[in-house]
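The primary structure of each chain is shown beneath.
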Amino acid sequence: MSELTLRIANTSKSYAGPEGSTVEAVREVSLELAPGEFMALGGPSGCGKSSVLLIAGGLLRPDEGEVEILGNNLYQKNRAQRAAIRAKHLGFVFQQFHLVPYLGALDNVLAPSLAQPLPDATERAMELLEQFGLSDRRGHLPSALSVGEQQRVALARALLAKPKLLLADEPTGNLDPENAEGILDHLGAFAGEGGSVLMVTHDKRAAERATRSIRMEKGRIPITQS
Amino acid sequence: MNVGRLIILEIMHRKLGFALAVATVATSVAALVAVAALLGAHDLRTTQMLDEMNAETDRMEEDFTREMKAYEDGVRKTMKGLGFNVFIFPEGQELDEVYADGFASKTMPETYANTLAESKIVTVNHLLPSLTRKLKWPERERIVILIGIRGEVPIAHRDPKKPLIDPVQRGRVVLGHELHRSLGLQEGNSTTFMGREFTIEKCHSERGTKDDVTIWMHLEECQELLGEKGRINAIKALECNCASIDRLGEIRREIAAILPGTKVIETESKALARAEARNKAKKLSQTAIAAKKSETANLRADRERLRLEDGQKYTALLTVVILVSMIWIAFLAFSNSRDRQSEIGILRAMGISTGSILAALMGRAFLVGLAGTGLTLVLAVLPSGVLRESLHGFELQSLVGYVPIVLFSVPALSCAASWLPALQAANRDPATILRNE
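A brief report on the enclosed structure follows.

About the thresholds
Residues numbered from 1 in each chain as written. Chains lettered and ligands numbered in written order. Predicted model: local features only at pLDDT ≥ 70, side-chain atom pairs only at ≥ 80, totals over all residues. Heavy atoms only, no water. Axes fitted to C-alpha atoms, helices over the stretch in contact; angles between N-to-C directions. Helix = DSSP H or I, 4+ residues; strand = E, 2+ residues; numbered from the N terminus. Parallel < 35°, antiparallel > 145°, perpendicular 65-115°, else oblique. Left-handed = near helix turned anticlockwise from the far one by under 90°. Contact = heavy atoms within 4.5 Å. Nonpolar A, V, L, I, M, F, W, Y, C, P; charged D, E, K, R; others polar. Buried < 20%, exposed > 50% of the residue type's maximum accessible area, 1.4 Å probe, protein only. Pairing = 2+ DSSP bridges. Patch = residues over 30% accessible without salt bridge, like charges linked within 9 Å, V, L, I, M, F, W, Y side chains within 5 Å. Areas by Shrake-Rupley, 256 points an atom, 1.4 Å probe, with all protein chains shown as cover. Salt bridge = Lys/Arg side-chain N within 4 Å of Asp/Glu carboxyl O. Phe/Tyr/Trp six-rings, centres within 6.5 Å; stacked < 30°, edge-to-face > 60°. Buried area = accessible area lost by both parts, 1.4 Å probe.

Focus: the packing of helix α1 (residues 3-13) of chain B against helix α10 (residues 354-381) of chain B
Residues and elements named next belong to chain B.
At step 1: Following both chains from N to C, one finds α1 and α10 inclined at 55°, their axes separated by 9 Å at the closest point. Classified by the angle their axes make, α1 and α10 are oblique. Pair α1 / α10 crosses with right-handed handedness. Residues Val 3, Leu 6, Ile 7, Ile 8, Glu 10 and Ile 11 of α1 form the contact with α10, whose own contacting residues are Ser 356, Ala 359, Ala 360, Gly 363, Arg 364 and Leu 367.

Concerning the packing of α10 of chain B against helix α12 (residues 403-426) of chain B
All names here are of chain B.
At step 1: It is the contact of α10 with α12, at a shortest axis distance of 7 Å, that shows an interaxial angle of 145°. For the crossing formed where α10 meets α12, the hand is right-handed.
At step 2: The class makeup of the residues in the contact of α10 with α12 is 20 nonpolar, 5 polar and no charged.

What about helix α1 (residues 49-56) of chain A?
All names here are of chain A.
At step 1: Counting buried positions along α1 yields 7 of 8 residues, so the element is predominantly enclosed.
At step 2: Of the residues making up α1, those classed as buried are Lys 49, Ser 51, Val 52, Leu 53, Leu 54, Ile 55 and Ala 56.
At step 3: Gly 58 sits one or two positions beyond α1 and adopts a positive phi of about 75°.

Thoughts on the sheet that holds strand β10 (residues 234-238) of chain B
Residues and elements named next belong to chain B.
At step 1: With mixed pairing, the 9 strands of this open sheet are ordered in space as β6-β7-β5-β8-β4-β3-β10-β1-β11. The open sheet has two free edges, formed respectively by β6 (190-193) and β11 (263-266), since each of these has just one partner strand. Neighbour to neighbour, the strand axes of the sheet diverge by 35° on average, direction disregarded.
At step 2: Packed on one face of the sheet, helix α4 (residues 111-118) meets β1 (86-89), β3 (126-137) and β10 and runs near 165° to β3.
At step 3: Against the sheet, helix α6 (residues 219-226) contacts β3, β4 (142-149), β5 (172-175), β6, β7 (196-203) and β8 (214-218), and its axis sits at roughly 110° relative to β8.

What to know about a nonpolar patch on the surface
All names here are of chain B.
At step 1: On the surface, Leu 16, Leu 20, Trp 328 and Phe 331 cluster together into a nonpolar patch covering about 410 Å² of accessible area.
At step 2: Counting residues per element, the ones that place at least two in the nonpolar patch are α2 (15-81) and α8 (270-339).
At step 3: Judged by its relative accessible area of 65%, Leu 16 is exposed.

Details of the packing of aromatic side chains
At step 1: Overall, the coordinates contain 4 aromatic pairs over all chains when judged by the stated rule.
At step 2: Between Phe 92 of chain A and Phe 94 of chain A the ring centres are 5.7 Å apart and the planes differ by 0°, which places this aromatic pair in the stacked class. For the pair shown, Phe 92 of chain A and Phe 94 of chain A are each scored as buried.
At step 3: Taking the centre distance of 5.4 Å and the plane angle of 20° together, the rings of Trp 328 of chain B and Phe 331 of chain B count as stacked.

Let's talk about the interface of chain B and chain A
At step 1: Taken together, the contact pairs 28 residues of chain B with 25 residues of chain A.
At step 2: Taken over both partners, the interface formed by chain B and chain A buries close to 2400 Å², and the fraction arising from carbon and sulfur atoms is 65%.
At step 3: Contact with chain A buries surface across chain B, with Met 1, Met 350 and Arg 435 of chain B losing the most and accounting together for 26% of the total.
At step 4: For the pair chain B and chain A, the interface holds 1 salt bridge.
At step 5: Here Arg 5 of chain B makes a salt bridge to Asp 107 of chain A, at a shortest N to O gap of 2.7 Å.
At step 6: Considered class by class, the residues forming the side of chain B that touches chain A number 12 nonpolar, 7 polar and 9 charged.

It is worth stressing that arrangement in space is one thing and function is another; only the former is reported here.
Given below as structure tokens:
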């Protein structure tokens, strides 16, 4: 059996709420993601699914539990080591795209090369833009791109360093059905090539494109699903 | 992709923010250059003013020296006839006769002059024996005054001094103005006087005194013509140096001790007034020069005090300008990092290190400082020709030695001002940013 891409074990995370109260955003969540698996994590707004995604990405330290990426226990590493693991193995796609506004499409795709030297980064970025139908838009700033194009640039950027795990937070939330389909196709293709995808979404149609779908409620994943 | 490209593209994208920061730095550097230029111009002007005043003082001293020399020469010549001069007349000579006729009727041995010269007399500097008579010029039918002179008798116990009167050579005469004018005689002409042939050595210009009808000749020839061989009727003593107020009494006492019975009178007191005037003029000139030197010293002190005050004032102003600029740059840096927090969040999520993000923010701050400094330096050089006049000829280019310091220190200050906002932005929790977005 091949090594798990992601393993989350009994993680919990609480935030400080109003008037000294505590909000338990994630409660004893466990899940595993194997190579080639495309998992959708659904649930209503505020159920904690985005927090799980940030915990999985090494960006939000859980109060309890463990997170492993390709066998590396993330939160036993220091900040710089976690950043190195993210740079090497993870790709992020967000609902708001988070493109750098002053970089053209090509430079945005190349942004991960700031974290680590990537051989043939420019050729790889050009291939990705070609693959996503953006080769004629490579010099355009995000403000000159449509939302569908922006999300495709964001996905190309997430794929530049050939990650093993793609973490997508509502990647189709701002897209029309046609563009949403396109993005889901690319995510599916990535999984089809052996990559792992953890996609947070409350869109049932998007969740149906995943190979596995899990629904969170009040910070928990019902035991029958995990 | 690298940090440098990221910085440049960000600057190109947010031109206004960058331009504002650059303008702020340029203002600070301009204030710095202005202060340096104003202080430099002040120093230059001080040097110019002191040079002018020193030159004026030197000129005054030179003028004073020259004028005093000319004045002293003039006084010296005047004193020859008028100065602290006394006449020594023969014993038994009635002075009312001298005052009436202008010369003594009695005579005394010419050796008296030698006796006086060989004595230890200290109140007299020059001794001029003479023989004077009023008589008719037989050949010309004119009443003239004949004076025989032999020049100065050197005083034995003194160092030889410059003779005050040039003696008339034998066979030569000097004529007063009225004589040569009315007789149509000129220097170099020959004329006969009491049967002797003389060459006219000199014709005096008009003096308005009895000198205008006087003939001067060598004492010996005069004695021969008048049948007064070895006799004189006056010894003129010149440049008497009496320190006391009763100078005439002092001279009389001294001469009486050497030549008993002789009569001593002071010729004129005008010379004393002239000498006093000369001394006064000298004192006034020296006072004026001293006042000028004091004025120069005061000017130097005033300018130094003014420079100190200006320096303190400018330093305070400059400190305020730099502090306000740094606060403004810090605010702009904070504003810039706040605008970029989404970008910083995603870059951190992609695994880009805090150091790289900090380098991008600080690199921008460095370029702000560099561009602001460069802009000011270029703008300072361009109008320097126009400013030169108002800066008393001070050349802004003379500050070029400070350029490396400014080029290093200003970007460093810009980085220092941006450091806290940049550090705060680079360390912001990406999860918080991404979740809030």
